[in-house]
Amino acid sequence: AAEQAKVRGLPFAGHVPSLVAVGEASDLGMKSIEHLQQITSACSRDEEALRAEYAAAHASPKGWDSAGVVSRAQALRIVDTYDEARCRSLAARLRKNGTWMVPTLTVLRSIAYLDDTTLAADSRMAYVPRWFSMSWNPRIDFRFKMLTAEDWALRKEVFAEQQKIVTLLHKAGVSFLAGTDLSNPYIFPGFSLHEELRNLVALGFTPLEALQSATLNPARYLGAADSLGTVARGKVADLVILDANPLRDIANTEKLHAVVLNGRLVDSAQRQALL
């Protein structure tokens, strides 16, 4: 697929398949990687052995079911075999290849803490249809219903490692985009993007860098910086006007005064009506 994308001049991006090394995907020209897919494994000193075990399970009669069992069993080993030097080498490779990262920290956190029953009390649930939010119950979701208390505790350790890796990649100069992965549990349209910006700042991004991950960087990524991404004469008039400076506190992105959409003003009354 990567070879054909290159031949046809098409960018390709998304999840790194479980049987493909992150470094290989980057070398092949993968433009961006979502959710830190396979990154924790790539930062393990046992990366090759882990992938070989997964491949053997996938090739067994039970296929992906067997691979899923192996994946859960490997989680603790991945945490215990974290190798910072290996991770730094990977970061340099990603930067050299121009591979962007879309960590979606908001969804990584929600999935790690999905056993927390207080999540359902979030006031933003008012904006989510009941038929939709019902699927967020981990006892129903096929991805989570088999997890034990020990599994959930380990997921939180993995999330802590993912946060550490994001900080390392950022310091190494890897480029980032803000994303949230809508439809996953406790991801709220609009609201969760503001949350993602706060997550990035908490991991060492400056407020300006966090803002750019949702404005200028996407425009550059899409090759559309001539018309999008910054406020300037001649560019599309898509912007938010705030009541406080987000460069002082990234949480100020939520202090919305007005929205301008393609040159059209959307005032607070209209926004509330939309909500």
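Above this text is the structure in question.
Conventions and cut-offs
- Residues numbered from 1 in each chain as written.
- Predicted model: local features only at pLDDT ≥ 70, side-chain atom pairs only at ≥ 80, totals over all residues.
- Heavy atoms only, no water.
- Core = buried A, V, L, I, M, F, W, Y, C linked by side-chain atoms within 4.5 Å.
- Buried < 20%, exposed > 50% of the residue type's maximum accessible area, 1.4 Å probe, protein only.
- Helix = DSSP H or I, 4+ residues; strand = E, 2+ residues; numbered from the N terminus.
- Contact = heavy atoms within 4.5 Å.
- Salt bridge = Lys/Arg side-chain N within 4 Å of Asp/Glu carboxyl O.
- Pairing = 2+ DSSP bridges.
- Axes fitted to C-alpha atoms, helices over the stretch in contact; angles between N-to-C directions.
- Polar contact = N/O pair within 3.5 Å; in protein donor to acceptor, adjacent residues only side chain to side chain.
- Disulfide = S-S within 2.5 Å.

K.L.:
Just to check I follow, could you spell out the nonpolar core for this structure?
P.N.:
By size, the foremost hydrophobic cluster in this structure holds 33 residues, and its most contacted members are Val 22, Ile 39, Leu 94, Met 101 and Leu 169. Of all the elements in the fold, those that place two or more residues in this core are helix H2 (22-27), helix H3 (39-42), helix H6 (84-97), helix H7 (105-112), helix H9 (149-171), helix H10 (191-202) and helix H11 (207-213). The element best represented in this core is H9, accounting for 5 residues. Every residue in contact with Val 22, bar those within four places of it in the chain, is listed here: Val 16, Ile 33, Gln 37, Gln 38, Ile 39, Ala 42, Glu 47, Leu 90 and Leu 94. One finds Leu 119, Trp 136, Tyr 186 and Ile 187 within the second-largest nonpolar core, a separate group that totals 13 residues.

K.L.:
What should I look at first to understand the pattern of salt bridges in this one?
P.N.:
A side chain of one charge can pair with a side chain of the opposite charge when the charged atoms of the two come close. Overall, the coordinates contain 12 salt bridges when judged by the stated rule. Here Asp 46 and Arg 77 are joined by a salt bridge, their closest N and O atoms 3.2 Å apart. One end of the pair, Asp 46, is in the loop between H3 and helix H4 (47-59); the other, Arg 77, is in helix H5 (residues 63-80), with 31 residues separating them in the sequence. In this structure Arg 77 comes out as partly exposed when scored by relative accessible area, which is 28%. Salt-bridge contacts for Arg 86 lead to Glu 48; the nearest nitrogen and oxygen are separated by 2.7 Å. Residue Arg 86 is found in helix H6, and its partner Glu 48 is found in helix H4; the two are separated by 38 residues along the sequence. A relative accessible area of 25% places Arg 86 in the partly exposed class. Its relative accessible area of 46% is what places Glu 48 among the partly exposed residues.

K.L.:
Looking at this model, I keep getting lost on the sheet that holds strand E3 (residues 239-242). Mind explaining?
P.N.:
Strand pairing in a sheet is mediated by backbone hydrogen bonds. Such pairs are either parallel or antiparallel. Strand order in the open sheet made by the 3 strands is E3-E4-E5, with antiparallel pairing throughout. The open sheet has two edge strands with one neighbour each: E3 and strand E5 (264-266). On average, each strand axis in the sheet is inclined to that of its neighbour by 25°, with strand direction left out of account. In this sheet, E5 lies alongside strand E4 (residues 256-261) in antiparallel orientation, the contact comprising 3 bridges.

K.L.:
In this structure, what is going on with the side chain of Thr 106? I would like to understand it.
P.N.:
Turning to its location among the elements, Thr 106 is positioned in helix H7. Of note is the side chain of Thr 106, whose polar atom sits 2.6 Å from the side chain of Glu 196. Side-chain polar atoms of Thr 106 contact the side chain of Asn 199, separated by 3.2 Å. Once you skip the residues sitting within four places of it in the chain, Thr 106 turns out to touch Ile 187, Ser 192, Glu 195, Glu 196 and Asn 199.

K.L.:
Any chance you could explain the state of the cysteines here in plain terms?
P.N.:
Note on terminology: a disulfide is the covalent bond linking the sulfur atoms of two cysteines. Taken as a whole and judged by the stated rule, the model has 1 disulfide. Between the sulfur atoms of Cys 43 and its disulfide mate Cys 87 the distance is 2.1 Å. Since a negative S-S torsion denotes a left-handed disulfide, the Cys 43-Cys 87 link at about 60° is right-handed. Taken together, the residues Cys 43 in the loop between H3 and H4 and Cys 87 in helix H6 connect sequence positions 44 residues apart. Both residues of the pair, Cys 43 and Cys 87, belong to the buried class.

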